[in-house]
Amino acid sequence: MHLDTPIKQTAIDPDNGSPKNFSSDAANTLKAQAKRLRAALASRDVTVSHAGSLELMAQSYGFRDWNTALAVTRRNSTAISIEDLGIGKRFAGSYLGHAVSGKILGLTRTPVGGVYRIEVHLDHAVDVVASKHFSGFRQRIAARINTNCEPVLASGQRGPGLSVDLLL
C-alpha cells in the first residue's frame, strides 16, 4: 500500500466496535497521515506532539486511541487461539465496545464444546452501563470465549462480551 493511499475502511464492526477492513499496512499509513497532520497544524501555529497526532488520526478512523488501532492491525495479521492464552499473560482486546487491556487470571473449559470461561483483571475499569444517568464500572470480568478468543454466550453462539485480540 502506498503511503498516500487512503485506509480502506467503511464501517464499525458491530461485534467488537473496531473499524472493519483495517489492514496490516494501515499502521504505516496512519503514521504518515499523522506526520502530515502535525505539519499542517504547525503551519497554522497549532502545536501537536507526535503522539498526539497519532491519537488524532486513530480517533478519526473510529478507534479509541493509537494503541487500539495498532492492536487491530496486529490482530488482522496474526490469528490468536485459545492455546495461546494462559494465566498471568497480558492481552489487548475489547469488552462491550470498549478497547481494553489486562491480565488473564483464569481460563477453564466449560461443558459446552469449544466454549471457555475466562477471568481477567483490566488495566482500567470500563463503564458497562449505556446510560447518561448513571455509570457502572468494571475492572474484573468473567466471560465466555470460543477457541478463536471471540465472545460467545453460554450456548456457544456468538454474542456480546470480551474478545482477546492479541497477547502483549
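Everything numeric here is computed off the predicted structure, so don't read it as measured data. (Residues numbered from 1 in each chain as written. Predicted model: local features only at pLDDT ≥ 70, side-chain atom pairs only at ≥ 80, totals over all residues. Heavy atoms only, no water.)

### Describing the nonpolar core
Here comes step 1: With 18 residues, the main nonpolar core has Leu-85, Phe-91, Ile-118, Val-120 and Leu-162 as its most contacted residues.
Here comes step 2: Every element with two or more residues in this core is listed here: strand 1 (90-95), strand 2 (98-109), strand 3 (115-127), strand 4 (137-146) and strand 5 (162-167).
Here comes step 3: By residue number, the principal contributor to this core is strand 3, which donates five residues.
Here comes step 4: When neighbours within four sequence positions are excluded, Val-120 is seen to be in contact with Phe-91, Lys-103, Ile-104, Leu-105, Gln-139, Arg-140, Ile-141 and Leu-162.
Here comes step 5: Counting residues in each nonpolar core, the second largest holds 10 residues, with Ala-58, Trp-66, Ala-69 and Val-72 among its members. (Core = buried A, V, L, I, M, F, W, Y, C linked by side-chain atoms within 4.5 Å. Buried < 20%, exposed > 50% of the residue type's maximum accessible area, 1.4 Å probe, protein only. Helix = DSSP H or I, 4+ residues; strand = E, 2+ residues; numbered from the N terminus. Contact = heavy atoms within 4.5 Å.)

### Brief notes about the environment of Thr-68
Here comes step 1: Considering the arrangement of structural elements, one finds Thr-68 in helix 3 (residues 66-77).
Here comes step 2: We classify Thr-68 as buried; its relative accessible area is 16%.
Here comes step 3: Excluding residues within four positions of it along the chain, Thr-68 makes contact with Phe-63 and Ala-99.

### A look at the sheet that holds strand 1
Strand pairing in a sheet takes place through backbone hydrogen bonds and is either antiparallel or parallel in direction.
Here comes step 1: The strand order across the open sheet formed by five strands is 4-3-2-1-5, and the pairing between neighbours is antiparallel. Each edge of the open sheet is held by one strand with a lone partner, namely strand 4 and strand 5. The mean inter-strand angle of the sheet, taken between neighbouring strand axes irrespective of direction, is 40°.
Here comes step 2: Pairing between strand 1 and strand 5: five bridges, direction antiparallel. Directly across from Tyr-95, in strand 5, lies its bridge partner Leu-162. (Pairing = 2+ DSSP bridges. Axes fitted to C-alpha atoms, helices over the stretch in contact; angles between N-to-C directions.)

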